[in-house]
Amino acid sequence: MRLSQLFSKTLRQAPRDEQSTNASLLIRAGFIRKEVAGVYNFLPLGLRVLNKISQLVREEMDAAGGQEVLLSSLQNKNNWEKTGRWKNFDALFKVSSQYKTDYALGPTHEEVLVPIVAEFVTSYRDLPLYIYQIQNKFRDEARAKAGLLRGREFLMKDLYSFHADVKDMESYYEKMKKVYKKTFERMGLNAILTYAAGGTFSKDSHEFQVICESGEDEIIYCAGGDYAENVEIAKAKEGQQCRLGHGPLKRVKTIEVGNIFPLKDKYSQVFGLTFKDKDGKDKNVMMGCYGIGISRLMGAIVEVFHDDAGILWPKQVAPFQVHLLVLSDERGVMRDGENIYNKLQKTGMEVLWDDREDVSAGEKFADCDLIGIPTRLVVSKKVGRGKVEVKKRGQKKSEVLSLDRFLSQYN
Ligand code: ATP
Ligand code: MG
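These numbers were taken from a predicted model, which means no experiment stands behind them. Along every chain, residues carry numbers that run from 1 in the direction the sequence is written. For naming, the first written chain is A and the first written ligand is 1, with later ones following in the order written. Only residues with pLDDT of at least 70 are given local features in this predicted model, and only at 80 or more are side-chain atom pairs given and counted; all residues enter the totals for whole chains, interfaces and linings. For the side-chain quantities, the full set of heavy atoms in the structure was used; hydrogens and water were omitted.

1. Digging into the overall build of the protein chain
Assigned secondary structure in the protein chain consists of 11 helices and 23 strands. Summary of the burial criterion: residues with accessible area below 20% of their type's maximum are buried, those above 50% are exposed, and those between are partly exposed, where the area comes from a 1.4 Å probe applied to protein chains only. Within the span of the protein chain, comprising 411 residues, buried residues form 52% of the whole. Any two residues having at least one pair of non-hydrogen atoms within 4.5 Å are treated as being in contact. Here the contacts in the protein chain between residues at least 6 apart in sequence split such that 66% fall between residues at least 24 apart. Approximately 20000 Å² of the protein chain is accessible, and the part contributed by carbon and sulfur atoms is 48%. Runs of E in the DSSP output that reach at least two residues are strands. Runs of H or I that reach at least four are helices, and both are numbered from the N terminus. Only the protein chains shown count as cover for residues, with accessible areas throughout obtained via the Shrake-Rupley method and a probe of 1.4 Å.

2. Digging into the coordination of the magnesium ion (ligand 2)
Excluding water, the donors of a metal are its N, O and S neighbours within 2.8 Å, or within 3.2 Å for Na, K and Ca, and that exclusion means sites may look incomplete. The coordination sphere of the magnesium ion (ligand 2) contains the protein donors Glu-256 (OE) and Asn-259 (OD1), at a distance range of 2.1 to 2.3 Å. Since its relative accessible area comes to 10%, Asn-259 is described here as buried.

3. Concerning the packing of aromatic side chains
When two rings of Phe, Tyr or Trp (its six-membered ring) have centres within 6.5 Å they constitute a pair, described as stacked for plane angles under 30 degrees, edge-to-face for angles over 60, and tilted for the intermediate range. Applying the stated rule across the entire model yields 10 aromatic pairs. Between the aromatic rings of Phe-31 and Trp-313, the centroid separation amounts to 5.4 Å while the plane-to-plane angle is 40°, which identifies the pairing as tilted. You can see Phe-31 sitting in the loop between helix 1 (21–28) and strand 1 (32–36) and its partner Trp-313 sitting in the loop between strand 18 (310–311) and strand 19 (322–326), a full 282 residues away along the chain. Here the two residues Phe-31 and Trp-313 agree in accessibility, since each one is buried. Judged by centre distance (5.8 Å) and plane angle (90°), the ring pair of Tyr-172 and Tyr-290 falls under edge-to-face. Note that Tyr-172 is positioned in helix 6 (residues 166–186) and Tyr-290 in strand 16 (residues 286–293), a separation of 118 residues in sequence.

4. Regarding the side chain of Lys-157
Residue placement: Lys-157 occurs in strand 8 (residues 153–163). When near neighbours in sequence (up to four residues on either side) are disregarded, Lys-157 contacts Val-57, Met-61, Tyr-132, Gln-133, Ile-134, Tyr-180, Tyr-290, Gly-291, Ile-292 and Ile-294.

5. Observations regarding the sheet that holds strand 19
Being paired, for any two strands, means DSSP has found at least two bridges between them. Read across the open sheet, the 5 strands follow the order 20-19-21-22-23; overall the sheet is mixed. Taken across any chain shown, the strands that pair with only one partner, and hence form the sheet edges, are strand 20 (351–354) and strand 23 (398–402). The sheet shows a mean angle of 25° between the axes of neighbouring strands, direction not considered. Where strand 22 (residues 387–392) lies against strand 23, 5 bridges are found, and the strand directions are antiparallel. Paired with Lys-391 across the bridge in strand 23 is Ser-398. As a rule, the C-alpha atoms of each element are fitted with a line to give its axis, helices using only the stretch in contact, and angles between N-to-C directions run from 0 to 180 degrees. Against the sheet, helix 9 (residues 331–346) contacts strand 19, strand 20, strand 21 (375–379) and strand 22, and its axis sits at roughly 165° relative to strand 19.

6. Brief notes about the site of ligand 1
Close contacts around ligand 1 come from 16 residues, with Glu-141, Arg-150, Gly-151, Glu-256 and Arg-296 the closest. Identification of polar contacts relies on pairs of N or O atoms within 3.5 Å, with a donor-acceptor requirement for protein atoms, meaning one able to donate a hydrogen and the other able to accept it, and with residues adjacent in sequence counted only if both atoms are side-chain atoms. One of the side-chain nitrogen or oxygen atoms of Arg-150 is found 2.9 Å away from an oxygen atom of ligand 1. For ligand 1, whose unbound accessible area comes to 580 Å², protein coverage reaches 87%. Elements with a contribution of two residues or more to the shell around ligand 1: strand 8 and strand 13 (250–264). Looking at which element gives the most residues to the shell around ligand 1, the answer is strand 13, with 5 residues. Classification convention: Asp, Glu, Lys, Arg as charged; Ala, Val, Leu, Ile, Met, Phe, Trp, Tyr, Cys, Pro as nonpolar; all other residues, Gly among them, as polar. Residue classes in the shell around ligand 1 are distributed as 7 nonpolar, 4 polar and 5 charged. Nearness is judged by heavy atoms alone; a residue qualifies as near a molecule or strand once a single heavy atom is within 4 Å of it.

7. Considerations on the pattern of salt bridges
The salt bridge definition used is simple: a Lys or Arg side-chain nitrogen within 4 Å of an Asp or Glu carboxyl oxygen. Taken as a whole, this structure holds 28 salt bridges when the rule is applied. Among the ionic pairs, Lys-34 bridges to Glu-18, the shortest N-O distance being 3.3 Å. Here Glu-18 lies in the segment before helix 1 and Lys-34 lies in strand 1, a separation of 16 residues in the sequence. For Lys-34, a relative accessible area of 28% corresponds to the partly exposed category. Here Lys-253 ties to Glu-213 by a salt bridge, and the two come within 4.0 Å at their closest N and O atoms. With a gap of 40 residues between them, Lys-253 in strand 13 and Glu-213 in the loop between strand 10 (204–211) and strand 11 (217–221) connect regions that are remote in the sequence. Of the residues examined, Lys-253 reaches a relative accessible area of 33% and is grouped as partly exposed.

8. What about unusual backbone geometry?
Here the bond from Leu-127 into Pro-128 is cis, since omega is 0°, no more than 30 degrees from zero. By the secondary structure assignment, Pro-128 is in the loop between helix 5 (110–120) and strand 7 (129–138). Its identity is not glycine, yet Lys-100 carries a phi of approximately 65°, on the positive side. Looking at the element boundaries, Lys-100 is found in the loop between strand 5 (93–96) and strand 6 (102–105). The exposure class assigned to Lys-100 is exposed, which follows from its relative accessible area of 82%. Backbone geometry places Lys-264, a non-glycine residue, at a positive phi of 55°. Considering the arrangement of structural elements, one finds Lys-264 in strand 13.

By themselves, these figures tell us nothing about what the structure is for.
Take a look at the structure:
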């Protein structure tokens, strides 16, 4: 894509009304714009990142047997009353229609999906089932000052699993722990599997926590990897010795990027989601629920990967792979740059070409660092014809290569 055609522009100054690093940088770099507190619009660069994260998550959910659906945001109040959550779900947005109907504005989708599944599941042969979606959720959050980390409208992946017995549910739950770990790793994040008691969904659950000073959560964990618990409930104390001899437990701030819950028959009971087992007996379906904060992840990645100059996107979620700068308005150099752009495009590489005229080299470099694409290529008179100066975002050293050499080395 040509930068001159991108409708968003970068800002020199951070917006005054944003306290969080992720929102400041993402707004300055032209990825997002705030609508109201806790609600953000995604511009072309931002949507590319959001789609990359969604696609990566989708691949992992499909591989885990997931069937994708898209459920409604405006939801039937009766079903929310049946589960008791019309009154008890603190952050529920309630929408009143001028035609005297009230709706729940979906913060989660048990009330929608369980009745649908009940229509189709009759026998043990219909199970297990894994159903997921990637969709905007709405929660009336008290504090929404952390940019994409805490939205009142935000993008989430939610998967619901349906099983004939607890054993099968537990084995899928264990499998999803590994799937989640891998999913976050693919985005460059080390997410710590953390035990958490209590919550609106089940007695206990497991969270995936990324260590980050600006996070709103805190965990106590063992660096040896055998223990992690949310401090809200943890009995263990910082500095206490790990039982397996890994040394003192640490207390750190974290961002919760995922959460999985063994729901068991909490919702199948309410909606009569039963099946006939092998002996023809009626039984409740056992459920699990598995969330990933897609838009929160975008914010978390910026919080973890940035420096004074801007963002450092991990390759797998970067809006483009290569940022091409042509530093001359001499016709020959410009033409060389355009040839290189066309060749890179032909190989299928995602290239952002800063083709702006009347913008200084200094400004182009600053925008390049701010936007944070992993590889920078410079074409200039000094670099020479048919050659590119290659530099990785976040590294100081650069090297001059012929285009062919760059292409053969890349990946
Ligand atoms: P939190 O404890 O941060 O309020 P939660 O435990 O209420 O989150 P879940 O119901 O577990 O959230 O939702 C699944 C995932 O969706 C969370 O792990 C998180 O990544 C994401 N998420 C939850 N609430 C928000 C929000 N307000 N803004 C952005 N992402 C969110
Ligand atoms: Mg949670």
